[in-house]
Each structure stands twice: as C-alpha cells, then as structure tokens.
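The primary structure of each chain is shown beneath.
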Amino acid sequence: MSKKITTKQFNEASNDAWDIFSWFINKGSELLKRHAENCHSWPEGRYEEIKTFKDWKDKLLYISHLLDEANEDKCSMVNEYADQVSANVDIENGKYVNRCPDDIRQKFIERENEIWHYRDNCKNEALDLFKRYFWDLWD
C-alpha cells in the first residue's frame, strides 16, 4: 500500500529543507518540552547526574531551554543598539545607506557578536546533551 503525500506535507518538507537548523531548534525544543510533560519513565541508574525522575524532566527542559536560547527569535539576549541602527538606515537610489554614528554602529556589531557566540554556545551544549541522552528520548 502506497502512502500519498499531500501538497501541504510536501511544501512543509520542502520549506524545512531550506532552513534545517531553524526546523531542528524549533521542533527539538517543542518535542523535548512535550516529552518532559508526558514521559512516564527515566533512565534510572544510567547517569550519575540524573538521580530522580524530576532530574530527568529538568534535564529535558534544560536542553529545550538551550535550544530556545540558540533560536534568534527566542533568545533572551537583546542588542540594545538595534533600534538606533535601524532608525538610521535609509534607502537612496535602491541602496541602503547607514547614517548611524560609527561608535553606535561599532557597539551594535560587538553586541551582535556577543549574542551570536552566546547562541552558538547554547546550541553546542544542547547538541552535546542531546547526543548524550539520545537513546533515552523515548517512553
């Protein structure tokens, strides 16, 4: 028996292929939260750092939190210079012209780099934990 793929399913899969990291961060976080809320078992005795069922749920939620922090749209860090830079960008003759003072633009870039490194570290820690507990993500 063959299974037909609907247009909606095809489009979702096609769109996800163009943005795999975003799909993984969003779906991974969502699935880990759902698993933490609904799981009935835990890897008892397998990991020294997980001593109770609550520890297991907290670990799942922590990984989910890390993925949320890695997500540009959900990250708790903000660039306090973004509004100033955006307010000073104009379009002239079809080209972007940034009239932001150099010191503000430099602070904006430095803060963007800080945020990027923070998000990257969150992603790395989440993936390391995901790898560690991968075979226990079932119920």
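Structure report, in brief. Being a predicted model, the structure only gives us computed values, none of them experimental. (Residues numbered from 1 in each chain as written. Predicted model: local features only at pLDDT ≥ 70, side-chain atom pairs only at ≥ 80, totals over all residues. Heavy atoms only, no water.)

1. So, helix α2 (residues 20–38)
- In this model α2 runs 26 Å from its N-terminal to its C-terminal C-alpha over 19 residues, within 8% of the 27 Å that 1.5 Å per residue would give.
- In this structure, the buried residues of α2 make contact with α3 (53–70). (Helix = DSSP H or I, 4+ residues; strand = E, 2+ residues; numbered from the N terminus. Expected span 1.5 Å × (residues − 1). Contact = heavy atoms within 4.5 Å.)

2. Some thoughts on the layout of surface pockets
- Within this model, the largest pocket holds a volume of roughly 160 Å³.
- Lining the largest pocket are Glu 72, Cys 75, Met 77, Val 78, Asn 79, Glu 112, Ile 115, Trp 116 and Arg 119.
- Tallied by class, the residues present in the lining of the largest pocket amount to five nonpolar, one polar and three charged. (1 Å grid on protein atoms, 1.4 Å probe; cavity = no way out; pocket = protein on both sides within 12 Å on 5 of 7 lines; lining within 4 Å. Points joined across faces, edges and corners; volume = space filled by probe spheres on them. Nonpolar A, V, L, I, M, F, W, Y, C, P; charged D, E, K, R; others polar.)

3. Thoughts on the packing of aromatic side chains
- All chains considered together, the criterion is met by five aromatic pairs.
- Ring centres of Tyr 47 and Tyr 133 lie 4.8 Å apart, and the angle between their planes is 80 degrees; on these two criteria the pair is classed as edge-to-face. Remark: Tyr 133 occurs in helix α5 (residues 102–133) and Tyr 47 occurs in the loop between α2 and α3; sequence separation between them is 86 residues.
- Summarising the aromatic geometry, the rings of Phe 134 and Trp 135 are spaced 4.8 Å apart at their centres and angled 85 degrees between planes, so their arrangement reads as edge-to-face.
- Note on Trp 135: relative accessible area 72%, which makes it exposed. (Phe/Tyr/Trp six-rings, centres within 6.5 Å; stacked < 30°, edge-to-face > 60°. Buried < 20%, exposed > 50% of the residue type's maximum accessible area, 1.4 Å probe, protein only.)

4. Remarks on the pattern of salt bridges
- This structure, assessed with the given rule, holds 13 salt bridges.
- A salt bridge links Arg 99 to Glu 92, with the shortest nitrogen-to-oxygen separation between them at 2.1 Å.
- Overall, Arg 99 belongs to the partly exposed group, its relative accessible area being 41%.
- Residue class for Glu 92 comes out partly exposed when judged on its relative accessible area of 36%.
- Linked through salt bridges whose partners overlap, the residues forming this network are Lys 33, Asp 68 and Lys 74. (Salt bridge = Lys/Arg side-chain N within 4 Å of Asp/Glu carboxyl O.)

5. Re the packing of α3 against α5
- Axis separation between α3 and α5 bottoms out at 8 Å; the angle between their running directions is 145 degrees. Once α3 is placed against α5, the crossing between them reads as left-handed. Taken together, the residues of α5 that come into contact with α3 (itself represented by Trp 56, Lys 59, Tyr 62, Ile 63, Leu 66, Leu 67, Glu 69 and Ala 70) are Tyr 118, Arg 119, Cys 122, Lys 123, Glu 125, Ala 126, Leu 129, Phe 130 and Tyr 133.
- Residues that form the contact of α3 with α5 fall into these classes: twelve nonpolar, no polar and five charged. (Axes fitted to C-alpha atoms, helices over the stretch in contact; angles between N-to-C directions. Left-handed = near helix turned anticlockwise from the far one by under 90°.)

6. Some thoughts on the side chain of Glu 69
- One can find Glu 69 in helix α3.
- The buried charged residue Glu 69 lacks any salt bridge partner; its closest oppositely charged side chain belongs to Arg 119, at an N-O distance of 8.4 Å.
- A distance of 2.7 Å separates polar atoms of two side chains, one belonging to Glu 69 and the other to Ser 76.
- Separated by 2.6 Å, the side chains of Glu 69 and Tyr 118 make a polar contact.
- Among residues more than four places away in sequence, those in contact with Glu 69 are Lys 74, Cys 75, Ser 76, Tyr 118, Arg 119 and Cys 122. (Lys, Arg positive; Asp, Glu negative; His and termini not counted. Polar contact = N/O pair within 3.5 Å; in protein donor to acceptor, adjacent residues only side chain to side chain.)

7. Focus: the pairing of strand β2 (residues 95–98)
- Here strand β1 (residues 89–92) runs beside β2; their pairing, made up of four bridges, is antiparallel. Residue pairing for β2: Asp 90 is matched across the bridge by Val 97.
- The turn linking β1 back onto β2 is made up of two residues, and Asn 93 within it adopts a positive phi angle of 55 degrees. (Pairing = 2+ DSSP bridges.)

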